[in-house]
Amino acid sequence: AGVDALAPLESTVSDAERFRDAAFLPLRCACGARFAFGGIVASRDYVVSFHGIKCAACAAVLPTLRVTAQLERIIRAHISRYYAGWLVCDDSACGIATRQISVYGKRCIGLSGTAHGCKGIMRYRYSDKALYNQLLYLDSIFDIEKAKKGLLKPFEGPEALSHALVEALAVHNAVFFGVCRGVVQKYLSDCGRRYVDMGGLFNFMEK
Ligand SMILES: [Zn+2]
Ligand SMILES: [Zn+2]
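Residues numbered from 1 in each chain as written. Chains lettered and ligands numbered in written order. Predicted model: local features only at pLDDT ≥ 70, side-chain atom pairs only at ≥ 80, totals over all residues. Heavy atoms only, no water.

Q: Would you mind going over the packing of helix 3 (residues 64–83) against helix 4 (residues 128–140) with me for this structure?
A: How two helices sit against one another is set out by the angle between their axes and by the gap between those axes. At a closest axis distance of 10 Å, the pairing of helix 3 and helix 4 adopts a crossing angle of 170 degrees. For the element pair helix 3 / helix 4, the angle class is roughly antiparallel. On the side of helix 3, the interface is formed by L71, I74, I75, H78, I79 and Y82, while helix 4 contributes D128, L131, Q134, L135 and L138. Considering only residue class, the contact of helix 3 with helix 4 consists of 8 nonpolar, 2 polar and 1 charged. (Axes fitted to C-alpha atoms, helices over the stretch in contact; angles between N-to-C directions. Helix = DSSP H or I, 4+ residues; strand = E, 2+ residues; numbered from the N terminus. Parallel < 35°, antiparallel > 145°, perpendicular 65-115°, else oblique. Contact = heavy atoms within 4.5 Å. Nonpolar A, V, L, I, M, F, W, Y, C, P; charged D, E, K, R; others polar.)

As C-alpha coordinates, this is what we get:
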(Lines give C-alpha, C1' and ligand atoms only; values in the text may rest on other atoms or scores of the structure.)
(Ligands and ions follow the chains in the order given, each with its own letter.)
Protein backbone atom coordinates (compact mmCIF):
# COMPACT_ATOMS: atom_id res chain seq x y z
CA ALA A 1 0.00 0.00 0.00
CA GLY A 2 2.86 2.37 0.83
CA VAL A 3 4.24 2.44 -2.69
CA ASP A 4 0.84 2.61 -4.39
CA ALA A 5 -0.22 5.42 -2.09
CA LEU A 6 2.81 7.45 -3.20
CA ALA A 7 1.86 7.30 -6.87
CA PRO A 8 -0.67 10.19 -6.80
CA LEU A 9 2.07 12.43 -5.40
CA GLU A 10 4.00 12.15 -8.65
CA SER A 11 4.31 15.26 -10.78
CA THR A 12 1.76 14.15 -13.41
CA VAL A 13 -1.01 15.42 -11.14
CA SER A 14 -1.76 19.17 -11.01
CA ASP A 15 -1.64 20.96 -7.66
CA ALA A 16 -5.33 21.79 -7.92
CA GLU A 17 -6.02 18.06 -8.10
CA ARG A 18 -3.30 16.86 -5.73
CA PHE A 19 -4.16 19.40 -3.03
CA ARG A 20 -7.93 19.30 -3.54
CA ASP A 21 -8.48 18.17 0.08
CA ALA A 22 -5.60 20.17 1.59
CA ALA A 23 -6.56 23.11 3.81
CA PHE A 24 -5.44 26.64 2.97
CA LEU A 25 -3.23 28.35 5.55
CA PRO A 26 -5.46 30.33 7.95
CA LEU A 27 -3.88 33.65 8.93
CA ARG A 28 -5.07 36.22 11.45
CA CYS A 29 -4.14 39.86 11.04
CA ALA A 30 -3.49 42.18 14.01
CA CYS A 31 -6.79 43.92 13.09
CA GLY A 32 -8.65 40.70 13.89
CA ALA A 33 -9.46 39.75 10.30
CA ARG A 34 -8.98 36.08 9.48
CA PHE A 35 -8.33 34.85 6.00
CA ALA A 36 -7.15 31.81 4.08
CA PHE A 37 -3.73 32.24 2.49
CA GLY A 38 -2.95 30.28 -0.65
CA GLY A 39 0.24 31.89 -1.97
CA ILE A 40 0.65 34.42 -4.79
CA VAL A 41 -2.81 33.89 -6.27
CA ALA A 42 -5.88 36.09 -6.60
CA SER A 43 -7.88 36.41 -3.38
CA ARG A 44 -10.58 38.75 -2.10
CA ASP A 45 -9.15 38.67 1.43
CA TYR A 46 -5.48 39.48 0.95
CA VAL A 47 -2.99 40.69 -1.60
CA VAL A 48 0.65 39.73 -1.82
CA SER A 49 2.42 43.10 -2.10
CA PHE A 50 6.08 43.76 -2.87
CA HIS A 51 6.62 43.84 0.91
CA GLY A 52 4.70 40.78 2.02
CA ILE A 53 1.15 39.62 2.69
CA LYS A 54 -1.27 42.52 2.99
CA CYS A 55 -4.62 42.15 4.77
CA ALA A 56 -7.47 43.37 2.55
CA ALA A 57 -9.51 44.47 5.58
CA CYS A 58 -7.01 46.97 7.04
CA ALA A 59 -4.26 47.16 4.36
CA ALA A 60 -1.54 46.29 6.89
CA VAL A 61 1.33 44.01 5.91
CA LEU A 62 1.67 41.02 8.24
CA PRO A 63 5.12 40.93 9.85
CA THR A 64 7.21 37.87 8.92
CA LEU A 65 7.19 36.57 12.49
CA ARG A 66 3.41 36.78 12.62
CA VAL A 67 3.18 34.58 9.52
CA THR A 68 5.86 32.04 10.52
CA ALA A 69 4.43 31.69 14.07
CA GLN A 70 0.95 30.97 12.72
CA LEU A 71 2.33 28.65 10.05
CA GLU A 72 4.19 26.62 12.67
CA ARG A 73 1.15 26.49 14.95
CA ILE A 74 -1.04 25.18 12.11
CA ILE A 75 1.51 22.52 11.17
CA ARG A 76 1.63 21.34 14.79
CA ALA A 77 -2.18 21.24 14.88
CA HIS A 78 -2.22 19.02 11.77
CA ILE A 79 0.41 16.74 13.29
CA SER A 80 -1.47 16.39 16.60
CA ARG A 81 -4.64 15.63 14.70
CA TYR A 82 -2.75 12.88 12.91
CA TYR A 83 -1.31 11.50 16.16
CA ALA A 84 -4.77 11.43 17.74
CA GLY A 85 -4.97 8.32 15.54
CA TRP A 86 -8.71 8.07 15.09
CA LEU A 87 -9.96 5.19 12.99
CA VAL A 88 -13.38 5.42 11.42
CA CYS A 89 -15.62 2.75 9.91
CA ASP A 90 -16.24 3.31 6.19
CA ASP A 91 -19.80 1.99 6.42
CA SER A 92 -21.88 5.17 6.69
CA ALA A 93 -24.67 3.26 8.42
CA CYS A 94 -22.21 2.43 11.21
CA GLY A 95 -19.71 5.28 11.37
CA ILE A 96 -18.00 4.01 14.52
CA ALA A 97 -14.87 5.98 15.37
CA THR A 98 -12.23 4.59 17.70
CA ARG A 99 -8.62 5.11 18.66
CA GLN A 100 -8.10 1.38 19.07
CA ILE A 101 -6.87 -0.99 16.42
CA SER A 102 -8.97 -4.05 17.13
CA VAL A 103 -7.63 -7.57 17.37
CA TYR A 104 -9.54 -8.13 14.15
CA GLY A 105 -7.20 -5.76 12.29
CA LYS A 106 -8.96 -3.53 9.80
CA ARG A 107 -12.41 -5.05 10.38
CA CYS A 108 -14.91 -2.88 12.18
CA ILE A 109 -15.73 -4.23 15.66
CA GLY A 110 -19.31 -2.98 15.24
CA LEU A 111 -21.58 -1.97 18.09
CA SER A 112 -21.37 -5.46 19.57
CA GLY A 113 -17.58 -5.17 19.80
CA THR A 114 -17.06 -8.62 18.31
CA ALA A 115 -16.46 -7.77 14.62
CA HIS A 116 -19.66 -9.58 13.65
CA GLY A 117 -22.04 -6.64 13.73
CA CYS A 118 -20.61 -4.71 10.78
CA LYS A 119 -19.01 -5.46 7.43
CA GLY A 120 -17.23 -2.08 7.38
CA ILE A 121 -13.49 -1.45 7.16
CA MET A 122 -11.69 0.77 9.65
CA ARG A 123 -9.61 3.52 8.05
CA TYR A 124 -7.51 6.31 9.48
CA ARG A 125 -9.65 9.42 9.52
CA TYR A 126 -6.56 11.57 9.02
CA SER A 127 -4.09 9.35 7.21
CA ASP A 128 -0.33 9.66 7.01
CA LYS A 129 -0.78 10.40 3.33
CA ALA A 130 -3.24 13.21 4.08
CA LEU A 131 -0.82 14.75 6.59
CA TYR A 132 2.09 14.46 4.18
CA ASN A 133 0.01 15.97 1.40
CA GLN A 134 -1.09 18.82 3.69
CA LEU A 135 2.52 19.66 4.48
CA LEU A 136 3.41 19.49 0.78
CA TYR A 137 0.59 21.92 0.14
CA LEU A 138 1.80 24.39 2.80
CA ASP A 139 5.24 24.14 1.19
CA SER A 140 3.79 24.82 -2.26
CA ILE A 141 2.15 28.12 -1.31
CA PHE A 142 5.57 29.58 -0.46
CA ASP A 143 7.23 28.07 -3.53
CA ILE A 144 7.90 31.03 -5.82
CA GLU A 145 8.81 28.79 -8.77
CA LYS A 146 5.37 27.19 -8.61
CA ALA A 147 3.76 30.62 -8.34
CA LYS A 148 5.65 31.85 -11.42
CA LYS A 149 4.54 28.82 -13.41
CA GLY A 150 0.93 29.40 -12.34
CA LEU A 151 0.73 25.94 -10.76
CA LEU A 152 -0.77 26.87 -7.39
CA LYS A 153 -4.20 25.72 -6.30
CA PRO A 154 -6.44 28.76 -6.98
CA PHE A 155 -9.27 30.23 -4.93
CA GLU A 156 -12.67 29.98 -6.50
CA GLY A 157 -13.94 33.26 -7.87
CA PRO A 158 -11.44 36.07 -8.39
CA GLU A 159 -9.80 36.57 -11.78
CA ALA A 160 -6.23 35.25 -11.92
CA LEU A 161 -3.29 37.65 -11.44
CA SER A 162 -1.29 38.50 -14.57
CA HIS A 163 1.83 36.47 -15.18
CA ALA A 164 4.03 39.60 -15.13
CA LEU A 165 2.65 40.65 -11.73
CA VAL A 166 3.13 37.18 -10.23
CA GLU A 167 6.70 37.13 -11.54
CA ALA A 168 7.50 40.51 -9.94
CA LEU A 169 5.84 39.58 -6.65
CA ALA A 170 7.72 36.29 -6.55
CA VAL A 171 11.06 38.10 -6.88
CA HIS A 172 10.22 40.67 -4.20
CA ASN A 173 8.99 38.05 -1.73
CA ALA A 174 11.72 35.47 -2.36
CA VAL A 175 13.49 35.96 0.99
CA PHE A 176 10.29 36.10 3.07
CA PHE A 177 8.81 33.05 1.33
CA GLY A 178 12.13 31.23 1.74
CA VAL A 179 11.92 31.73 5.51
CA CYS A 180 8.33 30.39 5.55
CA ARG A 181 9.34 27.40 3.46
CA GLY A 182 12.12 26.66 5.92
CA VAL A 183 9.48 26.30 8.66
CA VAL A 184 7.51 23.76 6.59
CA GLN A 185 10.60 21.87 5.44
CA LYS A 186 11.64 21.26 9.04
CA TYR A 187 8.47 19.18 9.56
CA LEU A 188 8.20 17.84 6.03
CA SER A 189 11.50 15.96 6.19
CA ASP A 190 10.45 14.30 9.48
CA CYS A 191 7.05 13.45 8.09
CA GLY A 192 8.48 12.05 4.86
CA ARG A 193 10.60 9.61 6.82
CA ARG A 194 7.66 8.63 8.99
CA TYR A 195 5.45 8.32 5.92
CA VAL A 196 7.74 5.62 4.59
CA ASP A 197 7.75 3.89 7.99
CA MET A 198 3.97 4.06 8.16
CA GLY A 199 3.79 1.97 4.99
CA GLY A 200 4.69 -0.97 7.24
CA LEU A 201 1.76 -0.33 9.56
CA PHE A 202 -0.57 -0.01 6.62
CA ASN A 203 0.57 -3.34 5.26
CA PHE A 204 -0.38 -4.86 8.61
CA MET A 205 -3.74 -3.11 8.43
CA GLU A 206 -4.43 -4.43 4.92
CA LYS A 207 -4.17 -8.04 6.06
ZN1 LIG B 1 -5.95 43.50 8.90
ZN1 LIG C 1 -18.72 -0.44 11.28
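Q: Please explain the pairing of strand 3 (residues 46–49) as it appears in this structure.
A: Regular strands have side chains that alternate between both faces of the sheet. Relative to strand 4 (residues 52–55), strand 3 runs antiparallel, the two being bridged by 4 bridges. Within the sheet, the bridge partner assigned to S49 lies in strand 4 and is G52. Once strand 3 ends, the chain turns through 2 residues before running back antiparallel as strand 4. (Pairing = 2+ DSSP bridges.)

Q: Where do I start with the nonpolar core in this structure?
A: A general feature of soluble globular proteins is that nonpolar side chains tend to end up buried together. Counting 44 residues, the largest nonpolar core has L25, F35, F37, L71, I75, L138 and F142 as its most contacted members. The element that contributes the greatest number of residues to this core is helix 7 (residues 174–206), accounting for 8 residues. Leave out the neighbours within four places in its chain, and F142 touches L25, F37, V67, L71, F177, C180 and R181. If you look at the next biggest cluster of nonpolar residues, it comprises 7 residues, including L87, I96, C108 and C118. (Core = buried A, V, L, I, M, F, W, Y, C linked by side-chain atoms within 4.5 Å. Buried < 20%, exposed > 50% of the residue type's maximum accessible area, 1.4 Å probe, protein only.)

Q: Hey, could you run me through the coordination of the zinc ion (ligand 2) in this one?
A: Note on metal sites: the ideal angle is 109.5 degrees for four tetrahedral donors, and 90 or 180 degrees for six octahedral donors. Coordination of the zinc ion (ligand 2) by the protein is provided by C89 (SG), C94 (SG), C108 (SG) and C118 (SG), with metal-donor distances spanning 2.3 Å. In this structure, the zinc ion (ligand 2) is coordinated by 4 donor atoms arranged in tetrahedral fashion, with angles at the metal of 105 to 113 degrees. Motif for the zinc ion (ligand 2), donor spacing along one chain: C-x4-C-x13-C-x9-C. Here C89 falls in the buried class, since its relative accessible area comes to 6%. (Donors = N, O, S within 2.8 Å, 3.2 Å for Na, K, Ca; no water. Tetrahedral: all angles 85-135°; square planar, octahedral: opposite > 155°, others 65-115°.)

So far we have only geometry, and geometry alone does not tell us how the molecule works.
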